[in-house]
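Each chain, written out:
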Amino acid sequence: MLQKPRGTRDFLPDEMEARRAVEWRLREVARRWGYREVCTPEFEDLELFTMRSGEGIIEEMYVFEDKGGRKMALRPEITAAVIRMYINEAKVAPKPLRWCYYADCFRYERPQKGRYRQFWQFGVELIGADTAAADAEVIMLASDMLNSTGVKYELKVGHLSLMRNLVKDLEPVMQRKVRAHLDKKDFDGLKATLESLNRSDLAGSLTALVETRNLAEAFEIAGAIPEKERLEQTVASLDACGVKYSLNFGIARGLDYYTGVVFEAFAENLGAENQILGGGTYRLAHLFGGDDVASCGFAIGFDRVMVSLGETTAKKDTIVGLVCMPEGRKRALEVGRAFRDAGIRTEMDLMERGLGAQLAHAAKSADFAVVIGKKEAESGEVTLKNLHSGEQKTTSLEAALAEVRAHGAR
Ligand code: HAM
């Protein structure tokens, strides 16, 4: 028997309905904040992602050569593609641009709970606003979106410049290595790297910076940064809006394009793969041939949110099972059309079963049976049976429609 590829999943209808219900809640929040959906290709030139995505992601990429000998990659994330699209299609559009997406990404990671090779992100990118208000808006939106799903999480907000200030004398590769240790909270690795560089003196301040939850204290440890006032304003806006978060200057982010504010959210019940959102301010446009445009965005790991929510079932449709005898078949098609036109999910027997077998099947799968026998075909009425209460009556089509609709509205 053939199996699906490792790290991918099949979704049955119940699961798809639950996923779509959560997806639509996210869409609704994005809409309210003015973020409009965009869509980019599933694969792009490899170069788009090797320029600034960071080693981790490059190693995990699905890369292939197309028939024209071009090196392509399945997208490991969407931000780089959205910025490429912005330069190709919309660089003259009035700023800022508020865009969102819901799309699948591919990373060749070792699969485990919450970590897949194909996974979905719901993301937003705010392009062309370089202010504290922009940073704050994106973080508020992140918090609103996660709240809309009902997931329980902790939101952490940091800023890269503080850590960068502390390690600014190190070689760029070493700076990156130190940041990677801190990102993974690998303090032993950090210690070893600093020792090898003869910079053990940095260990104390780096650890203190990662541990403080206080902005003034963070500036004391890391020294003042040019973005100090902007970060203070961002934090003040978050506080004014009642966003629940904690400051954390250990956030380094796995991707290399971030420049300032960074933030991540973690769900309570996911174990190792508990990061359900990541984002920050970044600059990518100039690398892809555009003007240097400041952007800020994030992506929610949609699958992890679903795992964290556990078994959620979407509100079920009211289902009508259309039961008919051969003499009623033509009328049943008309009745089916009327129910479907009224927005009611209606399923007709396709197995040429007898009346009893059709009713038994409807009882297993539907809320109502609408029976069209010879008598109903002649009179134009329908027999409506409520399959929960067992109550049955012969009535006009309009009355039956009204009753089923009222059930659905309950
Ligand atoms: P990221 O942190 O690499 O950021 O991914 C965002 C989220 O995708 C993660 O927080 C996680 O929930 C989810 N995720 C990542 N890998 C997997 C996986 N293998 N299986 C399941 N879920 C996963 C980005 O991708 C940036 N583009 C976010 C961004 C947007 N920054 C600015 N704008």
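Everything discussed here concerns the structure shown above.
Given the structure is predicted, the values throughout are model-derived calculations rather than measurements.

Definitions and limits used
Residues numbered from 1 in each chain as written. Predicted model: local features only at pLDDT ≥ 70, side-chain atom pairs only at ≥ 80, totals over all residues. Heavy atoms only, no water. 1 Å grid on protein atoms, 1.4 Å probe; cavity = no way out; pocket = protein on both sides within 12 Å on 5 of 7 lines; lining within 4 Å. Points joined across faces, edges and corners; volume = space filled by probe spheres on them. Helix = DSSP H or I, 4+ residues; strand = E, 2+ residues; numbered from the N terminus. Nonpolar A, V, L, I, M, F, W, Y, C, P; charged D, E, K, R; others polar. Axes fitted to C-alpha atoms, helices over the stretch in contact; angles between N-to-C directions. Parallel < 35°, antiparallel > 145°, perpendicular 65-115°, else oblique. Left-handed = near helix turned anticlockwise from the far one by under 90°. Contact = heavy atoms within 4.5 Å. Buried < 20%, exposed > 50% of the residue type's maximum accessible area, 1.4 Å probe, protein only. Pairing = 2+ DSSP bridges. Polar contact = N/O pair within 3.5 Å; in protein donor to acceptor, adjacent residues only side chain to side chain. Core = buried A, V, L, I, M, F, W, Y, C linked by side-chain atoms within 4.5 Å. Salt bridge = Lys/Arg side-chain N within 4 Å of Asp/Glu carboxyl O. Expected span 1.5 Å × (residues − 1).

Chemist: Would you take a moment to explain the layout of surface pockets for this structure?
Modeler: Considered as a void within the structure, the second largest pocket measures approximately 290 Å³ in volume. Every residue lining the second largest pocket is counted, 14 residues in all, and those nearest its centre are Glu15, Met306, Gly310, Glu311 and Thr312. Elements with a minimum of two residues in the lining of the second largest pocket: helix 1 (13–32) and helix 12 (302–309). The element that contributes the greatest number of residues to the lining of the second largest pocket is helix 1, accounting for 4 residues. A breakdown of the residues in the lining of the second largest pocket according to their chemical character gives 5 nonpolar, 3 polar and 6 charged.

Chemist: Would you mind going over the packing of helix 1 against helix 5 (residues 132–149) with me for this structure?
Modeler: The relative placement of two packed helices is expressed as an angle between their axes plus a distance between the axes. Their axes nearest at 9 Å, the elements helix 1 and helix 5 cross at an angle of 150°. Taken together, the axes of helix 1 and helix 5 lie roughly antiparallel to each other. In terms of crossing hand, the pair formed by helix 1 and helix 5 is right-handed. Together, Val22, Arg25, Leu26, Val29 and Ala30 of helix 1 and Leu141, Asp144, Met145, Ser148 and Thr149 of helix 5 make up the contact between the two elements.

Chemist: In this structure, what is going on with the pairing of strand 14 (residues 368–372)? I would like to understand it.
Modeler: Across a regular strand the side chains alternate sides, sitting on one face of the sheet and then on the other. The buried fraction of strand 14 is high, at 5 of 5 residues. By the alternation rule, side chains of strand 14 split into Phe368, Val370 and Ile372 and Ala369 and Val371, which are all buried. Pairing of strand 12 (residues 319–324) with strand 14 involves 5 bridges; the strand directions are parallel. Its bridge partner being in strand 14, Gly321 is matched across the sheet by Ala369. The pairing of strand 14 with strand 15 (residues 382–386) spans 4 bridges and is antiparallel. In the sheet register, Phe368 faces strand 15, and the bridge partner there is Asn386.

Chemist: For this particular structure, what's the right way to read the sheet that holds strand 11 (residues 294–301)?
Modeler: Sheet strands pair via backbone hydrogen bonds, and the direction of the pair is either parallel or antiparallel. Overall, mixed pairing links the 8 strands, which are arranged 1-5-6-11-10-9-7-8 in an open sheet. Edge positions in the open sheet fall to strand 1 (36–37) and strand 8 (246–247), since each of these has one partner strand only. Summarising the sheet, strand 9 (residues 258–267) and strand 10 (residues 275–283) pair through 6 bridges and their orientation is antiparallel. Counted as the bridge partner of Tyr258 is Tyr282 from strand 10. In the packing of helix 12 onto the sheet, contacts are made with strand 5 (97–106), strand 6 (118–127), strand 9, strand 10 and strand 11, and the angle to strand 11 comes to roughly 40°.

Chemist: Help me out: how do you make sense of the side chain of His159 in this one?
Modeler: Relative to the assigned elements, His159 resides in strand 7 (residues 153–159). From its side chain, His159 meets the backbone nitrogen of Ser161 in a polar contact 3.1 Å long. Look past the residues within four positions of His159 in its chain and what remains in contact with it is Ile225, Glu227, Leu231, Phe249, Thr259, Gly260, Val261 and Val262.

Chemist: Quick question: what am I supposed to make of the nonpolar core here?
Modeler: The tendency in soluble globular proteins is for nonpolar side chains to be buried side by side. Residues Met145, Leu206 and Phe298 are the most contacted members of the largest nonpolar core, which totals 64 residues. Broken down by element, this core gets its largest block of residues, 9 residues, from helix 5. Val82, Tyr86, Leu97 and Tyr258 belong to the second-largest nonpolar core, a separate cluster that totals 36 residues.

Chemist: Any chance you could explain unusual backbone geometry here in plain terms?
Modeler: The phi angle of most residues is negative, glycine excepted, and most peptide bonds adopt the trans form. Following Lys95, the chain continues into Pro96 via a peptide bond in cis, with omega recorded as 0°. Counting through the fold element by element, Pro96 comes out in the loop between helix 4 (79–89) and strand 5. Phi is positive for Asn198, close to 60°, though the residue is something other than glycine. Within the secondary structure, Asn198 is located in the loop between helix 8 (187–196) and helix 9 (201–211). Even without being a glycine, Glu352 presents a positive backbone phi close to 55°.

Chemist: It is not clear to me how the pattern of salt bridges should be interpreted in this structure. Could you clarify?
Modeler: Pairing is possible between side chains of opposite charge, provided their charged atoms come close. Under the definition given, this model contains 33 salt bridges. We note a salt bridge from Lys330 to Glu334, for which the minimum N-O separation is 3.8 Å. Of this pair, Lys330 and Glu334 both sit in helix 13 (residues 329–341), 4 residues apart, which is roughly one turn of the helix. The exposure class of Lys330 is exposed, given its relative accessible area of 64%. A single salt-bridge network, built from bridges that share partners, covers Asp130, Asp135, Arg230, Arg283 and Asp292.

Chemist: Would you take a moment to explain helix 13 for this structure?
Modeler: Given 3.6 residues to a turn, an α-helix orients residues that are three or four positions apart in the same direction. Here helix 13 is 13 residues long and its end C-alpha atoms lie 18 Å apart, about the 18 Å a rise of 1.5 Å per residue gives. The inward-facing, buried residues of helix 13 abut strand 12, strand 13 (345–348), strand 14, helix 15 (374–379), strand 15 and helix 16 (397–409). The first or second residue beyond helix 13 is Gly343, which carries a positive phi of 85°.

Chemist: Explain the environment of Ala218 to me, please; I cannot follow it from the model alone.
Modeler: Following the sequence through the fold, Ala218 ends up in helix 10 (residues 215–222). A relative accessible area of 0% places Ala218 in the buried class. In the structure, Ala218 is positioned 55 residues away from Met163 in sequence and 9.6 Å away in space, judged by C-alpha atoms. Excluding anything up to four places from it in sequence, Ala218 contacts Leu162, Leu209, Thr212, Gly223 and Phe249.

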